[in-house]
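Remarks on the overall topology
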Amino acid sequence: DDEKRIAAAATTTTKSPPSSSATAVRQVPRLAVSQLVLCHASELAAVAVDDLSVCVIDIRSGKIVRRFGGENVHANRITDMAFSPDGRWVGTSCMDGGIRVFDIPSGRMIDWMVFSK
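Residues numbered from 1 in each chain as written. Predicted model: local features only at pLDDT ≥ 70, side-chain atom pairs only at ≥ 80, totals over all residues. Heavy atoms only, no water.

Brief notes about the environment of S84
- Looking at the element boundaries, S84 is found in the loop between β7 (78–83) and β8 (89–94).
- Residues S84 and V101 lie 17 residues apart in sequence; the distance between their C-alpha atoms is 9.5 Å. (Helix = DSSP H or I, 4+ residues; strand = E, 2+ residues; numbered from the N terminus.)

Quick look at the pairing of strand β4 (residues 44–49)
- The element β4 is extensively covered by neighbouring structure, given that 6 of its 6 residues are classed as buried.
- Both faces of β4 are covered, namely the face carrying L44, A46 and A48 and the face carrying A45, V47 and V49.
- For strand β3 (residues 33–38) and β4, the ladder comprises 5 bridges, and the chain directions are antiparallel. Its bridge partner being in β4, V37 is matched across the sheet by A46.
- Adjacent in sequence and paired antiparallel, β3 and β4 are bridged by 5 residues. (Buried < 20%, exposed > 50% of the residue type's maximum accessible area, 1.4 Å probe, protein only. Pairing = 2+ DSSP bridges.)

What to know about the nonpolar core
- In this structure, M81, F83, V90 and I104 are the most contacted members of the largest nonpolar core, which totals 14 residues.
- The set of elements that each furnish at least two residues to this core consists of β4, β5 (53–58) and β7. (Core = buried A, V, L, I, M, F, W, Y, C linked by side-chain atoms within 4.5 Å.)

A short note on the sheet that holds strand β6 (residues 64–69)
- Taken in spatial order, the 4 strands line up as β3-β4-β5-β6 in an open sheet, and their pairing is antiparallel. The open sheet has two free edges, formed respectively by β3 and β6, since each of these has just one partner strand. Recorded for the sheet is a direction-independent mean angle of 20 degrees between the axes of neighbouring strands.
- Bridge count for β4 against β5 is 5 bridges, and the pairing is antiparallel. Pairing of A45 across the sheet is with I57, part of β5. (Axes fitted to C-alpha atoms, helices over the stretch in contact; angles between N-to-C directions.)

Topic: the packing of aromatic side chains
- On inspection of all chains with the given rule, the structure shows 1 aromatic pair.
- Consider the rings of F68 and F102, whose centres lie 4.7 Å apart with planes at 25 degrees: the pair is stacked. Here the residue F68 occupies a position in strand β6, and F102 occupies one in strand β9 (residues 98–103), the gap between them amounting to 34 residues. (Phe/Tyr/Trp six-rings, centres within 6.5 Å; stacked < 30°, edge-to-face > 60°.)

Regarding the confidence of the model for the chain
- For the chain, the mean per-residue pLDDT works out to 80, and 74% of the residues sit at or above 70.
- Between residues 11–28, whose pLDDT stays under 50, and residues either more than four places distant or in other chains, the model counts 18 contacts. (pLDDT = per-residue confidence, 0-100. Contact = heavy atoms within 4.5 Å.)

What to know about the sheet that holds strand β10 (residues 108–114)
- Reading across from one edge, β7-β8-β9-β10 is the order of the 4 strands in this open sheet, with antiparallel pairing throughout. The open sheet has two edge strands, β7 and β10, and neither has a second partner. Across the sheet, the mean angle from the axis of one strand to that of its neighbour is 15 degrees, orientation sign disregarded.
- One ladder, built from 5 bridges, connects β8 with β9; its direction is antiparallel. Its bridge partner being in β9, G91 is matched across the sheet by V101.

Brief notes about the pattern of salt bridges
- If you walk through the whole model with that rule in mind, you get 4 salt bridges.
- When the shortest N-O distance is used, the salt bridge between R60 and E43 registers 2.9 Å. Placement of R60 in the loop between β5 and β6 and of E43 in the loop between β3 and β4 is noted, with a sequence separation of 17 residues between them.
- What makes R60 partly exposed here is its relative accessible area of 48%.
- R88 serves as the salt-bridge partner of D103, at 2.8 Å between the closest nitrogen and oxygen. Here D103 is found in strand β9, whereas its partner R88 is found in the loop between β7 and β8, with 15 residues between them in sequence.
- Using a relative accessible area of 4% as the deciding quantity, one classes D103 as buried. (Salt bridge = Lys/Arg side-chain N within 4 Å of Asp/Glu carboxyl O.)

Below, the structure written as structure tokens:
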């Protein structure tokens, strides 16, 4: 059941609230998903997409609740993600040698470090 909701959130069309008896369908950009991580403490999923960002999705509603990153944060492909045990934070590692930690409720990056060769 949860897998169906995640798949629905990642589709290229979404239904907008009906303004009449007909339901309008709106096109959203298609982004390639490179990774999916589920949070066991909450009903959230983190999805790494090809624009170098991480979308946090509410599994029940299928809505994106937060979007972190992009080219101004991650300089290269995201290689791994994990939720904190309480589901409040999501951490990412990236091909640029960086590790970043994002606070989901505030929508902010709260910590980062970069490893050099």
